[in-house]
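# Summary of structural features
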Amino acid sequence: MLNIVIFGPPGSGKGTQSENLIKEYKLAHISTGDLLRKEISTNTQLGALAKSHMDKGELVPDNVIIDMIDSYLDKNFGKIEGVIFDGFPRTVAQAEALKNLLVEYKTKVNVTLNLEVPNEELMARMIERGKTSGRSDDNPETIKARLDVYEKQTKPVLDFYKKEGVVANIKGVGSIEGIFADIKKAVDAAK
Ligand code: ADP
């Protein structure tokens, strides 16, 4: 299996580059943000819980997220050749849980792609995206909270994967194609 974590602050292009990865490699794509937004749009109980956190720019509780990933792998393992994890793991507890889950399937994270983008650029991108995305969390106040949460709760995940020796740093500024060329090199080196 080829398992990829696409990692970076909100607005760093994880979703965009995941789309490119799917086209290039035969992998399943799990975006926890997309899964949560689906729950919200279908008015489930989980969706209501998720929305109360997402609208404040806070993380949804680890157990909710880990259960989602667990049941996805349970349903799909065996049918897939690998996974792109997008927006997950976002805490060290999630990274540890993922490691344990993947061990059960005798597999692991092969590479963590760390998209590096300066904060001013992230702000500008998300404010621009907010004009068309319809995402209620793409407004200046919530964006600031999300960047803060990223620094405090999510960045430590990078150290977790550095210890595992699987981090590839990718400069996330430039053309989408240029960034993807760097991503491809890192993925092919990890295969
Ligand atoms: P972005 O990377 O632009 O913030 P996402 O779609 O990945 O967009 O996430 C949107 C929101 O969904 C987050 O701010 C958070 O509230 C929630 N969320 C998504 N993934 C996770 C996760 N793995 N753990 C906790 N909360 C999450």
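This text goes with the structure placed above it.
Notes on the structure follow.

Basis of the calculations
Residues numbered from 1 in each chain as written. Predicted model: local features only at pLDDT ≥ 70, side-chain atom pairs only at ≥ 80, totals over all residues. Heavy atoms only, no water. Helix = DSSP H or I, 4+ residues; strand = E, 2+ residues; numbered from the N terminus. Buried < 20%, exposed > 50% of the residue type's maximum accessible area, 1.4 Å probe, protein only. Contact = heavy atoms within 4.5 Å. Areas by Shrake-Rupley, 256 points an atom, 1.4 Å probe, with all protein chains shown as cover. Lys, Arg positive; Asp, Glu negative; His and termini not counted. Charge placed at Lys NZ, Arg CZ, Asp CG, Glu CD. Phe/Tyr/Trp six-rings, centres within 6.5 Å; stacked < 30°, edge-to-face > 60°. Core = buried A, V, L, I, M, F, W, Y, C linked by side-chain atoms within 4.5 Å. Pairing = 2+ DSSP bridges. Polar contact = N/O pair within 3.5 Å; in protein donor to acceptor, adjacent residues only side chain to side chain. Axes fitted to C-alpha atoms, helices over the stretch in contact; angles between N-to-C directions. Salt bridge = Lys/Arg side-chain N within 4 Å of Asp/Glu carboxyl O.

## Some remarks on the overall build of the chain
Counting secondary structure elements, the chain contains nine helices and five strands. Starting at the N terminus and walking to the C terminus, you meet the elements of the chain as β-α-β-α-α-α-β-α-β-α-α-α-β-α. Every one of the 191 residues in the chain was classed for burial, and the buried ones make up 47%. Partitioning the contacts of the chain with sequence separation of at least 6, the portion at a separation of at least 24 is 76%. For the chain, the accessible area works out to roughly 9800 Å², and carbon and sulfur atoms hold 52% of it. Within the chain, one finds 27 positive and 28 negative side-chain charges whose respective centroids are separated by 2 Å.

## What about the packing of aromatic side chains?
Throughout the structure, instances matching the rule amount to four aromatic pairs. Each ring, one from F160 and one from Y161, has its centre 5.1 Å from the other, and the planes form 90 degrees; the classification is edge-to-face.

## Section: the nonpolar core
Counting residues in hydrophobic clusters, the biggest one holds 30 residues, and the most contacted among them are I69, L73, F85, L98 and Y161. Secondary structure elements with two or more residues in this core: β1 (4-7), β2 (28-31), α3 (45-54), α4 (62-76), β3 (83-86), α5 (92-104) and α8 (156-164). At six residues, α4 tops the list of elements feeding residues into this core. If we skip the residues at most four places from it in the chain, L98 touches V5, I69, F85, F88, P89, V109 and Y161. Of all hydrophobic cores here, the second largest spans 17 residues; its members include I6, A168, F180 and A186.

## Side note on the pairing of β3
Residues V83 and F85 of β3 are buried on one face, and the alternating residues I84 and D86, pointing to the opposite face, are buried as well. The pairing of β1 with β3 spans three bridges and is parallel. Paired with I4 across the two strands is I84, which belongs to β3. As paired elements, β2 and β3 share four bridges and run parallel to each other. The partner of I30 across the bridge, within β3, is F85.

## Describing the side chain of Q94
By secondary structure assignment, the location of Q94 is in helix α5. Given a relative accessible area of 2%, Q94 falls into the buried group. Within the local environment of Q94, its side chain forms a polar contact with the backbone nitrogen of R90, the two atoms lying 2.9 Å apart.

## Focus: the sheet that holds strand β4 (residues 111-116)
With parallel pairing, the five strands of this open sheet are ordered in space as β2-β3-β1-β4-β5. A strand with exactly one partner marks an edge of an open sheet, and here the two such strands are β2 and β5 (167-171). Strand-to-strand twist across the sheet, computed as the mean angle between neighbouring axes with direction ignored, equals 20 degrees. Judged from the four bridges that link them, β1 and β4 form a sheet pairing that is parallel. What sits directly across from F7, in β4, is N114. Of the strands in this sheet, β2 and β3 touch helix α2 (residues 32-41), which is tilted by about 65 degrees from β2.

## Notes on the pattern of salt bridges
Pairing of side chains with opposite charge becomes possible as their charged atoms draw close. Going through the model one piece at a time under the given rule, you end up with 17 salt bridges. A salt bridge links R129 to D138; its shortest N-O distance comes to 2.9 Å. The exposure class assigned to D138 is buried, which follows from its relative accessible area of 7%. In this structure, R135 and D138 form a salt bridge, with 4.0 Å as the shortest nitrogen-oxygen distance. Look at the salt bridges and you will find they share partners, linking R129, R135, D137, D138 and R146 into a network.

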